[in-house]
Amino acid sequence: MAFPAYKGKSRSTDGDVLPITSPKRVIGPSYGLTRRILRLIVCLAVLLSLSAYLVLQNREHPEQSQSHVHQPSNDTNRLPPLYERFRERDRSLPHYDAYEQNRSVKYFWPAQHAHSCGWGNVLQDYVMMALLAHATGRSFVFDDYVWDPIRPNYSDWNGIVIPSLTPLSALVGGPMVGGPWPAGDGTPRAVNKHFFEKVCPNPTVIHVSDINTDQMRFTDSAVSVFSKWVEVINAVDDPCLMLHPSGNQVFEFWIFGHKHRMHTLWPRISHSPVLTSWDWSPLIHAAYTRNRHFFQRKQSRFAKLVGLPDFSGSEDPRAPIKGLLAIHVRRGDFEEHCRNLAGWRSDWNAWNAFPEFIDQFEKPDDDVALEVATDIYVEHCYPTVAQIVDKVRRVRQGSRPKHKLSHLYIMTNGPLPWIQELKAALVEDAERHQGSKWESVMSSRDLELTWEEKFVAQSLDMMVGQKAEVIIGNGWSSLTSNVAMLRMANGFPPDSVRFW
């Protein structure tokens, strides 16, 4: 980790700290040596503090000692990471030996999990399956985040080489990837699919299509579907249970867009430790720690006095970052998607549409002309710079005095020139209309990331969005909806979740 150099003031710039003109000199003993010794002591204290911090950080977060944050100029010719140390971690979790000897441990392996789509869509499916495993007292069997199930190492996405497979443990942490459950929870801990295949060579296999009727898929409430699957799983005596890999997801993607169906499930899952004990991977924590100064700037008097950077502030995903407004702004291919949403008259994702939220979306009636409907959708789904600036101003002003927002973080996949235009407009608007400048305006493109972190940075954005004091999100984005779900499960006030 690089620290900013300490720059002491010269005598001519001391200002109010020391008088420029010395008083009339009084003959007596000199204290010059004492002052030099004091300066030396302070310098030694600073060096010792830095050394101790670096040692502790390296022990607790070895990810931070990996190849340094600034990417070399030849990254365009560098292959993506394969995350072998995370795969090794998944192959050797500490509870494996005991579970291998204990034949009473029951497992649930949803081999037909979502793949070949965005991280937000895959995560919402994994969450539902982990909730189902916990509700039935079985060990959740986790797999990679699979972008391309055909190619073993690398894939192409819009001309960019990306990993075909990313270990789930490089993206998330906690119980979902084998971490402990809270005290008193006797549910078996999660295991990787390779361990499952070792201890369960002949599992019972269920085809999702044998259970999910058309009524369950398209009409029934989510709590009804969930309860049916709990009943089916609990009826299986075999400790080794898997869903056939060729089937559909238990909760297919369109149910996540039906708030009235999904909200019926919330009372049952909102207190599940799958959500309340949620955590991110050590890799994401390391990236957050290094970039924390982008999100908050709070130093103690001592830190300011000796010139140390601030290391305070909890990395607990459930602890808010005071003063931070995070905004999620989709760009790129989302423009076409937003226009398609207008044609489909799609509603917001269910977890973005809790009735407690201030912002609600009213779909245009079917008889509204498509051109008019498209303008409505685009304003909420793909806002212009002017519309973003206006919304940020109104949210910031309307949040006072409960939320004193001083820092702004833009979660975006937008191109750098567009981001610079947006940042400049936000800064200018705050200075002109809001009565208080932003202390910082930063974006996803400003983050300092290692090569490994670069390919999982979407989880870092999600962690920041989950922790921000207030967030403005995209109602049709699964990334936003996962963040909104976690915020609601962990007690963030509903008025802190806003939408374009």
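Residues numbered from 1 in each chain as written. Predicted model: local features only at pLDDT ≥ 70, side-chain atom pairs only at ≥ 80, totals over all residues. Heavy atoms only, no water.

## As for the packing of helix α12 (residues 282-291) against helix α19 (residues 457-467)
Logical step 1: Relative to each other, α12 and α19 sit at 65°, their axes nearing to 9 Å. When the interaxial angle is binned, α12 and α19 end up roughly perpendicular. Both α12 and α19 take part in a crossing whose hand is right-handed. Between α12 and α19, the residues in contact are Ile284, His285, Ala287 and Tyr288 and Ser459, Leu460, Met463, Val464 and Lys467, respectively.
Logical step 2: Grouping the constituent residues of the contact of α12 with α19 by class yields 6 nonpolar, 2 polar and 1 charged. (Axes fitted to C-alpha atoms, helices over the stretch in contact; angles between N-to-C directions. Helix = DSSP H or I, 4+ residues; strand = E, 2+ residues; numbered from the N terminus. Parallel < 35°, antiparallel > 145°, perpendicular 65-115°, else oblique. Left-handed = near helix turned anticlockwise from the far one by under 90°. Contact = heavy atoms within 4.5 Å. Nonpolar A, V, L, I, M, F, W, Y, C, P; charged D, E, K, R; others polar.)

## Quick look at the sheet that holds strand β15 (residues 468-473)
Logical step 1: The parallel open sheet is built from 5 strands, whose spatial order is β14-β13-β12-β15-β16. Bordering the open sheet on either side are β14 (440-443) and β16 (497-499), each of which pairs with just one other strand. On average, adjacent strands in this sheet sit at an angle of 20° to one another, irrespective of strand direction.
Logical step 2: Set on the sheet, α19 makes contact with β12 (321-329), β13 (407-412) and β15; between it and β15 the angle comes to about 115°. (Pairing = 2+ DSSP bridges.)

## Re the packing of helix α14 (residues 334-344) against helix α15 (residues 370-381)
Logical step 1: Running from N to C, α14 and α15 cross one another at 135°; their axes reach a closest spacing of 8 Å. Judged by the angle between their axes, α14 and α15 are oblique. Between α14 and α15 lies a crossing of right-handed hand. Between α14, through Phe334, Cys338, Arg339, Leu341, Ala342 and Gly343, and α15, the contact on the second element is made entirely by Leu370, Ala373, Thr374, Tyr377, Val378 and Cys381.

## Thoughts on the environment of valine 223
Logical step 1: Tracing the backbone shows valine 223 in helix α8 (residues 222-234).
Logical step 2: Residue valine 223 is classed as partly exposed on the basis of its relative accessible area, which comes to 25%.
Logical step 3: Put simply, valine 223 and proline 267 are 44 residues apart on the chain and 9.2 Å apart in space, counted from C-alpha to C-alpha.
Logical step 4: Those residues in contact with valine 223 that lie beyond four places of it in its chain are Arg261, Thr264 and Leu265. (Buried < 20%, exposed > 50% of the residue type's maximum accessible area, 1.4 Å probe, protein only.)

## Some words on the environment of serine 270
Logical step 1: With respect to the secondary-structure elements, serine 270 resides in the loop between α10 (266-269) and α11 (273-276).
Logical step 2: The exposure class of serine 270 is buried, given its relative accessible area of 9%.
Logical step 3: Distance in space between the C-alpha atoms of serine 270 and leucine 486 is 9.0 Å, their sequence separation being 216 residues.
Logical step 4: Serine 270 has contacts with Leu275, Thr276 and Ala489, leaving out every residue within four places of it along the chain.

## Looking at the packing of aromatic side chains
Logical step 1: In the structure shown here, the tally under the stated rule is 24 aromatic pairs.
Logical step 2: For the pair tyrosine 126 and phenylalanine 140, a centre-to-centre distance of 6.2 Å together with 85° between the ring planes defines the contact as edge-to-face. Placement of the pair is tyrosine 126 in helix α4 (residues 119-135) and phenylalanine 140 in strand β2 (residues 139-142), with a sequence separation of 14 residues.
Logical step 3: Taking the relative accessible area as the measure of exposure, phenylalanine 140 reaches 4% and is therefore buried.
Logical step 4: Residues tryptophan 351 and phenylalanine 354 carry aromatic rings whose centres are separated by 5.6 Å and whose planes lie at 15° to one another, so their mutual orientation is stacked.
Logical step 5: Relative accessible area serves as the criterion here: at 3%, tryptophan 351 is assigned to the buried category.
Logical step 6: The exposure class of phenylalanine 354 is buried, given its relative accessible area of 2%.
Logical step 7: Grouped by ring-pair contacts, the aromatic residues Trp266, Trp348, Trp351, Phe354, Phe357, Phe361, Tyr377, Trp476 and Phe499 constitute a single cluster.
Logical step 8: For arginine 331, the ring lying beneath its charged end belongs to tyrosine 382, and the centroid distance is 3.9 Å.
Logical step 9: Here arginine 396 stacks its cationic end above the ring of tryptophan 438, 3.8 Å away from the centre of that ring. (Phe/Tyr/Trp six-rings, centres within 6.5 Å; stacked < 30°, edge-to-face > 60°. Lys NZ or Arg CZ within 6 Å of the ring centre and 35° of its normal.)

## Concerning the side chain of aspartate 220
Logical step 1: When you line up the elements, aspartate 220 lands in the loop between α7 (214-218) and α8.
Logical step 2: When residues no more than four places from it in sequence are discounted, the contact partners of aspartate 220 are Gln215, Val225 and Arg261.

## Concerning the state of the cysteines
Logical step 1: Per the counting criterion, the structure on display carries 2 disulfides.
Logical step 2: The side chain of cysteine 200 participates in a disulfide bridge whose partner is cysteine 240; the two sulfur atoms lie 2.0 Å from each other. Between cysteine 200 and cysteine 240, the S-S dihedral sits near -65°, and the bridge is therefore left-handed. Taken together, the residues span a long stretch of sequence, with cysteine 200 in the loop between α5 (193-199) and β9 (204-206) and cysteine 240 in strand β10 (residues 240-243) at a distance of 40 residues.
Logical step 3: By relative accessible area, cysteine 200 is classed as buried at 4%.
Logical step 4: For cysteine 338, the disulfide goes to cysteine 381, at an S-S distance of 1.9 Å. Negative torsions about the S-S bond denote left-handed disulfides, and the value of about -70° found for cysteine 338 with cysteine 381 makes this one left-handed. Of this pair, cysteine 338 sits in helix α14 while cysteine 381 sits in helix α15; the two residues are 43 residues apart in sequence, bridging distant segments of the chain. (Disulfide = S-S within 2.5 Å.)

## Let's talk about the side chain of serine 139
Logical step 1: Relative to the helices and strands, serine 139 is located in strand β2.
Logical step 2: A polar contact is formed between the side chain of serine 139 and the backbone oxygen of arginine 189, at a distance of 2.6 Å. (Polar contact = N/O pair within 3.5 Å; in protein donor to acceptor, adjacent residues only side chain to side chain.)

## A look at the pairing of strand β4 (residues 154-157)
Taken residue by residue, a regular strand's side chains alternate between the two faces of the sheet.
Logical step 1: Note that β4 and strand β5 (residues 160-163) share 4 bridges and pair antiparallel. Counted as the bridge partner of serine 155 is isoleucine 162 from β5.
Logical step 2: Taking the residues between adjacent antiparallel strands as the criterion, β4 and β5 are bridged by 2 residues, where asparagine 158 takes a positive phi near 50°.

## A word on helix α2 (residues 84-91)
Logical step 1: What α2 keeps buried is the set Phe86, Arg87 and Asp90. Along the long axis of α2, the arc covered by the buried residues comes to 100°, so they all point the same way.
Logical step 2: On its buried side, α2 packs onto α3 (96-101), β2, β6 (165-166), β8 (191-192), α12 and α18 (451-454). (Arc of directions from axis to C-beta.)

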